[in-house]
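# Survey of secondary and tertiary structure
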Amino acid sequence: QVQLVESGGGLVQAGGSLRLSCAASGRIFRINTMGWYRQAAGKQRELVAGITAGGSTNYADSVKGRFTISRDNAKNTVYLQMNSLKPEDTAVYYCYAEVLTTAFARNAFWGQGTQVAVSS
């Protein structure tokens with residue numbers, strides 16, 4: 001199967017920066033879209049940012065201009081650079097990837113989540 005391992009979360013003061021990483025491994029034929037969701041306490045999981053294999057990106061309005069998503073296809077890794085962090089960015093951040101495990105089998109995989117906490 002496929003595993004997604006996240007790193008880079010932590011506690012930071014408002015206005016600070018963090019960089020999340022997520023590396024995919026396992027039975028991978030090709031990875032299509034990769035990206036990040038987040039879930040704050042008592043709220044639904046929401047899309048933060050996504051990036052296609054070709055590099056096209058999309059962002060939630062709440063993070064535009066502050067967060068940047070990128071990926072290294074050779075390493076099957078996606079990154080999320082988070083700048084100008086706000087307390088409302090506090091959440092568990094989940095990496096996801098749409099992976100073809102064969103030429104015809106496509107599934108979505110999720111990481112275990114990494115906590116981001118922003119203090120005011």
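We now turn to the structure provided with this report.

About the criteria used
- Residues numbered from 1 in each chain as written.
- Predicted model: local features only at pLDDT ≥ 70, side-chain atom pairs only at ≥ 80, totals over all residues.
- Heavy atoms only, no water.
- Helix = DSSP H or I, 4+ residues; strand = E, 2+ residues; numbered from the N terminus.
- Buried < 20%, exposed > 50% of the residue type's maximum accessible area, 1.4 Å probe, protein only.
- Contact = heavy atoms within 4.5 Å.
- Core = buried A, V, L, I, M, F, W, Y, C linked by side-chain atoms within 4.5 Å.
- Disulfide = S-S within 2.5 Å.
- Pairing = 2+ DSSP bridges.

This next bit is on unusual backbone geometry. Even without a glycine there, the phi angle at Asn76 is positive, about 50°. Topologically, Asn76 is positioned in the loop between strand S7 (67-72) and strand S8 (77-82). Despite not being glycine, Ser84 has its phi angle at roughly 50°, a positive value. Relative to the assigned elements, Ser84 resides in the loop between S8 and strand S9 (91-100).

The subject of this paragraph is the side chain of Asn32. With respect to the helices and strands, Asn32 occurs in strand S4 (residues 30-39). Look at Asn32 and you get buried, because its relative accessible area is 17%. Ignoring any residue separated from it by four or fewer positions in sequence, one finds Asn32 in contact with Ile51, Thr52, Ala53, Arg71, Glu98, Leu100 and Arg106.

What follows deals with the nonpolar core. In terms of nonpolar packing, the biggest core is built from 29 residues, with Trp36, Leu80, Met82 and Tyr93 touching the most fellow members. Looking at this core, the elements with two or more residues in it are strand S1 (2-7), strand S3 (18-26), S4, strand S5 (46-51), S7, S8, S9 and strand S11 (114-119). At five residues, S9 tops the list of elements feeding residues into this core. Those residues in contact with Leu80, other than ones at most four positions away along the chain, are Leu18, Arg19, Leu20, Trp36, Val48, Ala49, Phe67, Thr68, Ile69 and Tyr93.

What follows deals with the environment of Glu88. Counting through the fold element by element, Glu88 comes out in the loop between S8 and S9. With relative accessibility at 55%, the residue Glu88 sits in the exposed group. As a C-alpha pair, Glu88 and Gln39 span 49 residues in sequence and 11 Å in three-dimensional space.

Attention now goes to the state of the cysteines. Taken as a whole and assessed by the stated rule, the structure comprises one disulfide. Here Cys22 connects covalently by a disulfide to Cys95, the sulfurs 2.0 Å from one another. Because the sign of the S-S torsion sets the handedness, a value of about -75° for the bond joining Cys22 and Cys95 places this disulfide among the left-handed ones. Of the two residues, Cys22 sits in strand S3 while Cys95 sits in strand S9, which places them 73 residues apart along the sequence. Judged by its relative accessible area of 0%, Cys95 is buried.

It is worth spelling out the pairing of S7 at this point. Consecutive side chains of a regular strand alternate in pointing toward one face of the sheet and then the other. Taking every second residue as pointing to the same face, the buried face of S7 carries Phe67, Ile69 and Arg71, while none of Thr68, Ser70 and Asp72 on the other face is buried. Two elements, S7 and S8, share six bridges in a ladder whose sense is antiparallel. From the neighbouring strand, Phe67 faces S8, where its bridge partner is Met82. From the end of S7 to the start of S8, which pair antiparallel, there are four residues, and Asn76 there has a positive phi angle of about 50°.

A separate point is the environment of Gly50. For Gly50, the position within the fold is in strand S5. Judged by relative accessible area, which is 1%, Gly50 ranks as buried. When sequence neighbours within four positions are dropped, the list of residues in contact with Gly50 reads Met34, Gly35, Ser56, Thr57, Asn58, Ile69 and Tyr96.

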